[in-house]
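Structural characterization, general
In case you want the letters, here they are:
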Amino acid sequence: MHIHKHEVIIVGAGGAGLMAALYASQGGADVAVISKLYPTRSHTGAALGGIGAALGNMEEDKPLWHAYDTVKGGDYLADQDAAKVLAEEAVAAVVELEHMGLPYDRNENGRISQRRFGGHTSNFGEKPVRRACHSADRTGHMILQTLYQQCIKNNARFFDEFHVIDLIVNNGVACGVVAVQLSTGDMHIFHGKAIFFATGGWGRVWQITSNAHSLTGDGAAICFRRGVPMQDMEFYQFHPTGLYGLGVLLTEGIRGEGGVLINGKGERFMEKYAPKIKDLASRDVVSRSIYMELRAGNGINGKNYVYLDIRPETVNRFLAEAGETRRIDTSTVIKALAETLDLCRTYAGVDPLTQPMPIQPTAHYAMGGIPTNIDTEVILDENKTVMRGLYAAGECACVSAHGANRLGTNSLVDLVVFGRRGGMVMANYVKGVDWTPLPDKPTAEIEAEFNRIRNSKGKLKTAELRNKMQQVMMDKVGVFRKGSEITEAVEDVKALTQEYMTNITIDDRGFKFNTDLLEAWELGNLLELAHVTAVSAVARTESRGAHSREDFPNRDDDQWMVHTLAKRCTDDLYPAEVPAMELNHKKAVDTSLADLDPRFLPKERTY
Amino acid sequence: MEVTFRIKRYNPELPGKDKPYWQEFTLKDVVATDRVLELLHRIKWEQDGTLTMRRSCSHGICGSDAMRINGINALACKLLIRDVGEKVQVEPILGLPVLKDLVVDMEPFFEHYRAVMPYMVNNTPVPADGRERLQNQTDKDQITETTNCILCACCTTSCPSFWANGKYVGPAAIVQAHRFIFDTRDQTSPTRLQALSDPNGVWRCRTIYNCTPACPRGIQVTKAIGEVKLAIRKNSTQNVVKVSEIKEH
Ligand SMILES: Cc1cc2nc3c(=O)[nH]c(=O)nc-3n(C[C@H](O)[C@H](O)[C@H](O)COP(=O)(O)OP(=O)(O)OC[C@H]3O[C@@H](n4cnc5c(N)ncnc54)[C@H](O)[C@@H]3O)c2cc1C
Ligand code: FES
């Protein structure tokens with residue numbers, strides 16, 4: 001067994017992990033970053049449109065307005081202390097990225113250029129505001145590259161292509177992780193004082209998704225198995241504009257530049273659903289509107305998609321109708337949306353300069369996850385009891401700044417703001433604590449599970465099972481939900497999990513680069529998270545943000561201004577039966593901004 | 001349609017398969033818009049789970065799945081069957097040690113990357129108001145193209161000079177250096193230019209031009225290398241980069 005010892009162990013090298021690594025090492029800690037992918041392969045690199053911060057470079061803007069949009073966008077389930085930190089610290093974090101070398105686009109004064117994005121407004125919802133800082137439509141790529149470059153500059157210690165498979169806990173204190181080295185198949189123990197999870201999302205639970213194959217929710221599932229509750233798992237965002245059939249994301253920046261959604265009758269249907277800001281309403285609203293159009297038979301040629309149109313003649317016609325003086329031309333589109341043009345041409349054979357793009361909603365972002373406080377410390381219950389030594393940030397975490405629905409550009413903000421805070425907090429923490437010793441045989445349980453999978457001789461290939469799960473979740477726990485269907489989904493997922501535990505088979509029984517085995521193990525994580533998602537979704541008998549119940553169409557603030565905490569009712573890492581789940585609805589939403597300013601009180605959400 | 005894959009295999013752990021060999025797979029019900037990566041997945045998921053490759057994003061942004069497909073370097077997720085035809089030959093990229101099937105050891109590649117100091121150095125204190133450093137868009141546009149690099153290694157491993165001499169830093173590292181050399185905010189260009197004028201630096205480029213068509217991001221790699229060469233000759237970064245007309249690729 002290989003044992004490594006570093007004060008701070010960071011699992012995940014996307015935006016959140018790298019930001020934490022930088023600030024923890026600048027704070028003097030000895031840091032190791034473990035990642036199953038080479039850092040630059042992380043999905044942060046796929047983020048397109050921008051990162052929001054109230055710099056006010058284009059027009060007046062304030063962090064408080066950004067916080068308001070975040071809370072409102074989150075359908076009032078966002079914790080307001082977290083939304084405040086997010087909006088305020090975004091400004092410094094975005095500027096620090098510039099100092100690190102991030103090549104933002106610039107305005108005529110040489111300052112960071114900003115553009116409109118869904119749900120971002122000035123003066124408490126008055127009108128759209130230019131807040132998204134960008135580098136063409138490859139902002140995430142630039143953030144990831146810039147942070148990785150800085151880590152190289154600072155000689156950060158990386159363990160690339162090490163797949164973390166378990167969390168080590170001793171007497172309630174997190175003190176390490178177990179990882180498999182891909183190239184050898186060897187198990188390694190990483191002993192640490194502070195363990196930081198930044199493993200990203202789990203879009204692969206659903207069939208149509210914008211997420212990478214690698215986004216299988218490992219970190220969340222690992223923590224869940226070790227007794228950490230999962231918070232608000234019923235809130236999963238479907239982005240309105242995925243490329244039809246593939247789910248590849250077309251950025252909201254397209255609508256930010258003036259692009260419009262058009263149904264089969266040639267109508268700009270968002271005028272009906274969000275008369276004020278139309279196509280730039282928040283994502284849950286737009287995704288639902290698309291589904292309503294499809295249900296009403298208004299898809300293109302009767303099919304399950306609508307058009308997103310950025311052709312200058314279309315955009316300019318609508319700008320003129322709205323009495324705006326701004327006009328766009330081909331070169332605006334080429335400059336601002338290079339990546340989008342490339343994606344559409346490559347994968348759909350459509351040239352957005354001359355043709356509209358076929359789109360459908362795509363599973364995109366987990367609002368829920370590992371519960372933390374604003375210092376990224378993982379918490380265990382409604383009293384916010386901290387689990388010592390354990391931290392999380394980024395998409396795998398739920399702080400919860402995004403509540404029931406995340407606004408565009410706010411994930412990148414989340415990564416850098418909370419990654420940065422986490423890094424600083426951990427650097428401090430490790431100075432003051434002793435090492436918690438490793439428990440006896442820390443790898444026994446996970447080794448047993450790996451041996452089971454390696455030697456499995458059942459009948460089902462893991463890909464078959466994964467497909468079934470993705471189909472069930474797409475059909476029954478998607479954009480629109482019904483109690484009866486979600487209940488069926490719970491049963492379906494349990495049955496699939498049972499199959500997974502008893503009847504799978506893999507072909508590769510070796511050690512080196514055994515991706516067959518690791519994919520099978522990842523499926524176990526997806527099933528675990530699909531199960532919690534469905535169980536959490538049945539229980540929430542209201543519609544809020546991304547969680548839309550046809551049998552409970554209204555938001556119910558009297559009963560439901562609370563977070564969901566789901567716990568697994570067993571300490572067994574890999575029990576023989578699918579474990580039961582216990583839900584707790586006692587953790588109230590933080591409303592500290594509303595206490596000072598009534599504009600933050602929940603009200604009906606119109607755009 | 002039916003498509004035949006011919007894949008170069010190698011598994012160091014399995015006797016009999018521990019020398020490179022070719023294996024054929026046939027796939028039915030393939031459509032012209034299927035991605036090569038998708039079909040490799042179908043082989044792995046339906047026929048042979050031991051087939052091993054790297055991949056993640058599946059839409060050309062993470063840079064995991066560079067392979068040599070029908071003799072040309074590409075990202076498997078960015079090539080569609082309609083681009084490659086019904087007979088597809090897939091092998092690992094050249095010039096790096098093969099670890100298993102299509103997986104190569106990327107460490108030598110990243111070592112070259114690190115050698116060009118791929119990070120911004122600017123020791124002037126940041127503006128007193130705590131805000132961003134200023135840069136105008138035209139200056140920023142000098143590096144727009146080279147900042148696009150995703151480190152997939154398609155260019156470097158298509159370069160005969162790199163095959164001939166693995167010590168050559170290679171096109172990708174030069175593209176990454178270009179991104180800093182011509183960033184008006186950076187202050188270390190002289191050091192970088194000096195490092196790149198080393199015998200294993202830019203002069204090993206013989207403008208064979210394989211790298212440019214291999215780049216899945218549309219970067220004009222040979223042009224970027226040329227600009228670095230010119231800056232070394234002029235000993236200046238001024239008026240070197242011609243910001244291309246907004247170009248359609
Ligand atoms: C197509 C697309 C476009 C987007 N556009 C935007 C946008 O414009 N603005 C915005 O704000 N947000 C956007 N988002 C959302 C945002 O990009 C993500 O939420 C965010 O990047 C997640 O970052 P992260 O650091 O949490 O995780 P990731 O970047 O996903 O990184 C996860 C890391 O964890 C590692 N990892 C995972 N599991 C393990 C394991 N078991 N062991 C070891 N390492 C592991 C991976 O190797 C990786 O390094 C977009 C998302 C997508 C999919
Ligand atoms: S899988 Fe990411 S580039 Fe192909």
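Being a predicted model, the structure only gives us computed values, none of them experimental.

Some details on the layout of surface pockets
One water molecule sets the probe size; rolling that probe over the atoms shows where empty space is left. The space that makes up the second largest pocket amounts to roughly 850 Å³. Around the second largest pocket, the lining comprises 35 residues; the ones closest to its centre are Arg204, Gln207 and His213 of chain A together with Glu38 and Trp45 of chain B. Secondary-structure elements contributing two or more residues to the lining of the second largest pocket are helix 14 (462-476) and helix 16 (515-539) of chain A together with helix 1 (36-47) of chain B. Here the lining of the second largest pocket is built from residues that sort into 11 nonpolar, 12 polar and 12 charged.

With respect to the domain arrangement of chain B
Residues and elements named next belong to chain B. Examined at the domain level, chain B breaks down into domain 1 (3-104) and domain 2 (107-245). On a C-alpha basis, the centres of domain 1 and domain 2 stand 30 Å from each other. Of the residues lining the interface, 15 residues belong to domain 1; the matching set on domain 2 comes to 14 residues. For the pair domain 1 and domain 2, the summed buried surface comes to about 1100 Å²; carbon and sulfur atoms form 66% of the total. On the domain 1 side of the interface with domain 2, the three residues burying the most area are Asn73, Leu94 and Leu96, jointly 41% of the side's total. For the pair domain 1 and domain 2, the interface holds zero salt bridges. For the interface between domain 1 and domain 2, the tally reads three residue pairs in polar contact (both at pLDDT 80 or more). Considering each element in turn, the side of domain 1 that touches domain 2 owes the most residues, three residues, to strand 4 (residues 72-75). When its residues are assigned to classes, the side of domain 1 that touches domain 2 shows nine nonpolar, four polar and two charged.

Here we look at the packing of aromatic side chains
Using the criterion set out here, one finds 20 aromatic pairs over all chains in the structure. Each ring, one from Phe162 of chain A and one from Phe190 of chain A, has its centre 6.0 Å from the other, and the planes form 80°; the classification is edge-to-face. Note that Phe162 of chain A is positioned in strand 10 (residues 162-170) and Phe190 of chain A in strand 12 (residues 187-191), a separation of 28 residues in sequence. Residue Phe162 of chain A shares its accessibility class with Phe190 of chain A, and that shared class is buried. Plain terms: the ring middles of Phe450 of chain A and Trp521 of chain A are 6.1 Å apart, the flat faces sit at 45° to each other, and that makes the pair tilted. With Phe450 of chain A in helix 13 (residues 444-454) and Trp521 of chain A in helix 16, this pair connects stretches of sequence that are 71 residues apart. What links up through ring pairs into an aromatic cluster is the set Tyr38, Tyr148 and Phe158 of chain A together with Phe109, Phe110 and Tyr113 of chain B.

Each value, and the rule that gives it
Residues numbered from 1 in each chain as written. Chains lettered and ligands numbered in written order. Predicted model: local features only at pLDDT ≥ 70, side-chain atom pairs only at ≥ 80, totals over all residues. Heavy atoms only, no water. 1 Å grid on protein atoms, 1.4 Å probe; cavity = no way out; pocket = protein on both sides within 12 Å on 5 of 7 lines; lining within 4 Å. Points joined across faces, edges and corners; volume = space filled by probe spheres on them. Helix = DSSP H or I, 4+ residues; strand = E, 2+ residues; numbered from the N terminus. Nonpolar A, V, L, I, M, F, W, Y, C, P; charged D, E, K, R; others polar. Domains from an automatic or database assignment. Contact = heavy atoms within 4.5 Å. Buried area = accessible area lost by both parts, 1.4 Å probe. Salt bridge = Lys/Arg side-chain N within 4 Å of Asp/Glu carboxyl O. Polar contact = N/O pair within 3.5 Å; in protein donor to acceptor, adjacent residues only side chain to side chain. Phe/Tyr/Trp six-rings, centres within 6.5 Å; stacked < 30°, edge-to-face > 60°. Buried < 20%, exposed > 50% of the residue type's maximum accessible area, 1.4 Å probe, protein only.

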